[in-house]
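Geometric and topological summary
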Amino acid sequence: MLELTRQTRTYRRFEQSRRIAEHDLRQLVELARLGGSARNQQAWQYGLITDPELCALIFPSIGWAGYLSDWKGPAEGERPSCYILCLLNRDWLKGSEKEAHFDLGIATQNILLGAMKQGIGGCRIGSFSPKLADRFKIPANLELSLVIALGYPAETVKITDPPAKDDIRYFRDEHDVHWVPKRSLEEIIIHLSSR
């Protein structure tokens, strides 16, 4: 599990021509469905986008890498081969929206771990144009909250120590390797005592 988690990074460049079958996406959503849910409300639904023309509708509406301000996203041929649209069903919302978003974190991590187990990489994208939802016939009770881009990785992503204290910005080196700084285990564990 530790090695699978290490491999499950955010991938932003893919082998675009290598398709992912809807059946495989359904299996990933099954992992999301089985995850924990506050109040067991299960307020999320998922749109599976595998058609290349529909994928092309999504691509221009999303932002790719905030720390790489000079990079506008993957070039043609390196774009995702499919997407999962994560939609909050307000009719199913029994608790707070905050609780539902915790559930979405659990669900999408299950999706990404399951994808990586199959050699598929992904990227959770919360930066998208509000007009993206208008490109699809989405019922009024559903709200597009997150986009997951998926495909077979066409880049190397590695974990490293932060280059300077509190510098957690990801970066690419001269060989186009994508580096993700992670705080140390010692830094994130705090020892608490009673008052």
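Residues numbered from 1 in each chain as written. Predicted model: local features only at pLDDT ≥ 70, side-chain atom pairs only at ≥ 80, totals over all residues. Heavy atoms only, no water.

1. Things to note about the overall build of the protein
A tally of regular secondary structure across the protein gives 5 helices and 7 strands. Reading the helices (α) and strands (β) of the protein from amino to carboxyl end gives α-α-β-α-β-α-β-β-β-β-β-α. Taking 195 residues into account, the globule formula puts the C-alpha radius of gyration at 16 Å, and the protein, at 18 Å, falls close to it. C-alpha extents for the protein along the principal axes are approximately 50 × 45 × 30 Å. Sorting the 195 residues of the protein into buried and exposed places 40% on the buried side. Of the contacts made within the protein by residues no fewer than 6 positions apart, 75% connect residues no fewer than 24 positions apart. Total accessible area on the protein is roughly 11,500 Å²; 51% of this is exposed by carbon and sulfur atoms. Taking the 26 positively charged and 25 negatively charged side chains of the protein as two groups, their mean positions are separated by 4 Å. (Helix = DSSP H or I, 4+ residues; strand = E, 2+ residues; numbered from the N terminus. Rg over C-alpha atoms; globule rule 2.2 N^0.38 Å. Buried < 20%, exposed > 50% of the residue type's maximum accessible area, 1.4 Å probe, protein only. Contact = heavy atoms within 4.5 Å. Areas by Shrake-Rupley, 256 points an atom, 1.4 Å probe, with all protein chains shown as cover. Lys, Arg positive; Asp, Glu negative; His and termini not counted. Charge placed at Lys NZ, Arg CZ, Asp CG, Glu CD.)

2. Notes on the sheet that holds strand β2 (residues 82-89)
Spatially, β1-β2-β4-β3 is the arrangement adopted by the 4 strands of the open sheet, whose pairing is antiparallel. The open sheet is flanked by β1 (44-49) and β3 (121-125), the only strands paired with a single partner. Between one strand axis and the next, the sheet turns by 25° as a mean value, whatever way the strands run. As judged from the 5 bridges shared by β3 and strand β4 (residues 142-151), these two strands associate in the antiparallel manner. The residue bridging Ile125 from the neighbouring strand is Val147, located in β4. Relative to β1, helix α2 (residues 22-33) is tilted by about 165°, and along the sheet it contacts β1, β2 and β4. (Pairing = 2+ DSSP bridges. Axes fitted to C-alpha atoms, helices over the stretch in contact; angles between N-to-C directions.)

3. Digging into helix α4 (residues 97-117)
Each full turn of the α-helix corresponds to 3.6 residues, which orients residues three or four apart in the same direction. An ideal rise of 1.5 Å per residue puts 30 Å on 21 residues; α4 measures up with 30 Å between its terminal C-alpha atoms. For α4, the set of buried residues is Glu99, Ala100, Asp103, Leu104, Ala107, Thr108, Ile111, Leu112, Leu113, Gly114, Ala115 and Met116. On the buried face of α4, the contacting elements are α1 (2-7), α2, β1, β2, β3 and β4. Among the residues trailing α4, Gly119 stands out with phi positive, at a value near 85°. (Expected span 1.5 Å × (residues − 1).)

Honestly, that's just the spatial picture; any functional story needs more than this.
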